[in-house]
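Single-letter residue listing:
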Amino acid sequence: MVQAKTWILTKHFDGFPKDSNFELKVEELPEPKDGEVLLEAVFLSVDPYMRVIQSKNPAFPVGSHVVARSGWRTHTVCDGTGLTPIMADWPQGVSLSLALGTIGMPGLTALYGIEEVLGLQKGETLLVNAAAGAVGSVVGQIAKLKGCKVVGSAGSDAKVAFLKKLGFDEAFNYKTVGSLEEALKKASPDGYDCFFENVGGSFSDVALQQMKNFGRIAVCGSISGYNDTTPQTGPYPHLTMIVKQLKMEGFMQTRWEHKHPESLKRLMGWLKEGKLQSREHVTKGFENMPAAFMGLLRGENIGKAIVAV
């Protein structure tokens, strides 16, 4: 009999999450039945990454590594539905935790946003906010691989230094610039062809004014409003979008799920060739899961935030 630790949500968030919103419980798990597997968490993120430690399902032999949506748990018994094996030829020396980051959902989001939504072309100028995060940092690097000028916005001087190290042409700390409008104009006086949007809110209002005519915006996230107790209101971008004839599209990487195997191989190839760098913000210990989650929302991480169980 295996005991599983699991974090449960005791109360929905009212504004920013608090420790009291979470409770750690212990469950006794039954033995796997025919067709079932017992998963053990190795790394946790929004998408838990796990290995199979007991199996009565031939599709997942003991020792298999998979990505699963099982919540914040150390162990899970399931019938294999929704389990995604990691790449069969995962290279030695590359941390399996990257299956949650650069060689996983964030990396795919960056790739599809650039290629499928924006259609970014060589010589164009791209703006990305939350640029030091799991998605934004990959966005900027792929854009550089495509021969583009990249401008990144982040929330600390350390993050700006990280972006410069990645090869961003321009980067600034949006918290310390006197004027966001002036910072964007200084970074690219001629404006922006493409904008990879992770933040929303007032940043978006200012950024849209700096887009070139026929500019394209890929809307991936809106972290500025995730913890608001009351919805944000205007200004509204419609007139700007009409006059500049802008194209704005929201997206999720699951739309191109049929391309995942090929896309993950491309990302891994760039990583192995040294063309794509990956940085992780690792919190050790399952008991620190809520703290890691709240730290992510406060912007404490550079790169992908994960918990090592």
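Going along each chain's sequence as written, the residues are numbered from 1 onward. Local features are withheld for residues below a pLDDT of 70 in this predicted model, meaning they are given only at 70 or higher, and side-chain atom pairs are given and counted only at 80 or more; totals for whole chains, interfaces and linings count all residues. Only heavy atoms go into the side-chain values, all of them from the structure, while hydrogens and water stay out.

Engineer: What am I meant to see in the overall build of the protein chain here?
Structural biologist: Helix and strand counts for the protein chain come out as 8 helices and 15 strands. Here the C-alpha atoms of the protein chain give a radius of gyration of 21 Å, agreeing with the 19 Å that 2.2 N^0.38 yields for 309 residues. Overall size of the protein chain, expressed as C-alpha extent along the three principal axes, is 65 × 45 × 35 Å. Between buried and exposed lies partly exposed: a residue is buried under 20% and exposed over 50% of the maximum accessible area for its type, with that area taken using a 1.4 Å probe on protein chains only. Burial status across the protein chain gives 50% buried among its 309 residues. By definition, any uninterrupted DSSP run of H or I lasting at least four residues is a helix, any uninterrupted run of E lasting at least two residues is a strand, and each is numbered from the N terminus. Only the C-alpha atoms count toward the radius of gyration. The rule for a globule is 2.2 Å times the residue count to the power 0.38.

Engineer: Honestly, helix 3 (residues 157-166) in this entry has me stumped. Any pointers?
Structural biologist: Given 3.6 residues to a turn, an α-helix orients residues that are three or four positions apart in the same direction. Turning to helix 3, its buried residues number three or more, namely Lys159, Val160, Phe162, Leu163 and Leu166. With its buried residues spanning 155° around the axis, helix 3 presents them on a single face. Away from its buried face, by an angle of more than 90 degrees, helix 3 presents the exposed residues Asp157 and Lys165. By definition in these notes, contact holds between two residues if any of their heavy atoms fall within 4.5 Å. In this fold, the buried residues of helix 3 make contact with helix 2 (136-145), strand 9 (149-154) and strand 10 (170-173). A positive backbone phi angle near 105° is found at Gly167, which sits one or two residues after helix 3. Note that the arc is computed from the directions linking the helix axis to the C-beta atoms.

Engineer: I tried to follow empty space enclosed by the protein on my own but got confused; where do I start?
Structural biologist: One way to see where empty space is left: roll a probe the size of a water molecule over the atoms. As defined here, a cavity is a set of points on a 1 Å grid over the protein atoms alone where a 1.4 Å probe fits but cannot get out. A pocket is an open set with protein on both sides within 12 Å along at least five of seven lines, and residues line them when an atom is within 4 Å of a point. Grid points are joined across faces, edges and corners, and a volume is the space filled by probe spheres set on the points. All chains considered together, the criterion is met by 1 cavity of 30 Å³ or more. By volume, the largest cavity amounts to about 80 Å³. Lining the largest cavity are Leu98, Gly101, Thr102, Ala134, Ser137, Gln141, Phe162, Gln277, Ser278, Arg279, Gly303 and Lys304. Three classes are used, and their members are as follows: Ala, Val, Leu, Ile, Met, Phe, Trp, Tyr, Cys and Pro are nonpolar, Asp, Glu, Lys and Arg are charged, and the others, Gly among them, are polar. For the lining of the largest cavity, a count of residues per class yields 3 nonpolar, 7 polar and 2 charged. For the domains described, the bounds stem from an automatic or database domain assignment. If you count residues domain by domain, the lining of the largest cavity takes at least three from each of domain 1 (2-101 + 281-308) and domain 2 (118-251).

Engineer: Looking at this model, I keep getting lost on the sheet that holds strand 11 (residues 192-197). Mind explaining?
Structural biologist: An order of 10-9-8-11-12-13 is seen for the 6 strands of this open sheet, with the pairing classed as parallel. If you trace the sheet from one side to the other, it starts and ends with strand 10 and strand 13 (247-250), each paired once. Between one strand axis and the next, the sheet turns through 15° on average, direction left out of account. With 4 bridges joining them, strand 12 (residues 211-219) and strand 13 adopt parallel strand pairing. Its bridge partner lying in strand 13, Ile217 is registered against Met248. For helices, the fitted line uses only the C-alpha atoms of the stretch in contact; every axis is such a line through C-alpha atoms, and the angle between N-to-C directions lies from 0 to 180 degrees. Together, strand 8 (125-128), strand 9, strand 10 and strand 11 form the strand contacts of helix 4 (residues 180-187), whose direction differs from that of strand 10 by roughly 165°. Strands pair, by our definition, only if DSSP identifies at least two bridges between them.

Engineer: Just to check I follow, could you spell out the packing of helix 1 (residues 105-118) against helix 2 for this structure?
Structural biologist: Describing two packed helices takes the angle between their axes plus the distance from one axis to the other. Helix 2 packs onto helix 1 with a crossing angle of 45° between their chain directions and a minimal axis gap of 8 Å. Considering the angle they form, helix 1 stands oblique to helix 2. Considering the relative orientation of helix 1 and helix 2, their crossing is right-handed. For the pair helix 1 and helix 2, the contacting residues are Gly107, Ala110, Leu111 and Ile114 in the first and Val138, Val139, Ile142 and Ala143 in the second. Looking at the contact of helix 1 with helix 2 residue by residue, the class counts come to 7 nonpolar, 1 polar and no charged. Roughly parallel refers to an angle under 35 degrees, roughly antiparallel to one over 145, roughly perpendicular to one between 65 and 115, and oblique to any angle outside these ranges. Crossing handedness: left-handed means the near helix sits turned counterclockwise from the far one by under a right angle, and right-handed means the same turn made clockwise.

Engineer: Where do I start with the pattern of salt bridges in this structure?
Structural biologist: Two side chains of opposite charge can pair, provided their charged atoms sit close to one another. The rule for a salt bridge is simple: a side-chain nitrogen of Lys or Arg has to be within 4 Å of a carboxyl oxygen of Asp or Glu. Taken as a whole and assessed by the stated rule, the structure comprises 12 salt bridges. Ionic pairing is found between Arg73 and Glu27, a salt bridge with its closest N-O pair at 3.1 Å. Placement of the pair is Arg73 in the loop between strand 5 (65-67) and strand 6 (75-78) and Glu27 in strand 2 (residues 22-29), with a sequence separation of 46 residues. With relative accessibility at 14%, the residue Arg73 sits in the buried group. Look at Glu27 and you get partly exposed, because its relative accessible area is 31%. Salt-bridge contacts for Lys275 lead to Glu273; the nearest nitrogen and oxygen are separated by 3.2 Å. Connected through salt bridges with shared partners, the residues Glu115, Lys146 and Arg266 form a single ionic network.

Engineer: Explain unusual backbone geometry to me, please; I cannot follow it from the model alone.
Structural biologist: Keep in mind that most residues, glycine aside, have a negative phi and that most peptide bonds are trans. Omega for the peptide link from Gly234 to Pro235 comes to 5°, which places this bond in the cis form. Turning to its location among the elements, Pro235 is positioned in the loop between strand 12 and helix 6 (238-244). A positive phi angle, near 50°, is found at Ala130, a position not held by glycine. By the element assignment, Ala130 lies in the loop between strand 8 and helix 2. For Ala130, a relative accessible area of 33% translates into the label partly exposed. The backbone of Gln245 shows a phi angle near 55°, a positive value even though the residue is not glycine. Note on placement: Gln245 falls in the loop between helix 6 and strand 13. Taking relative accessible area as the criterion, Gln245 reaches 47% and is therefore assigned partly exposed.

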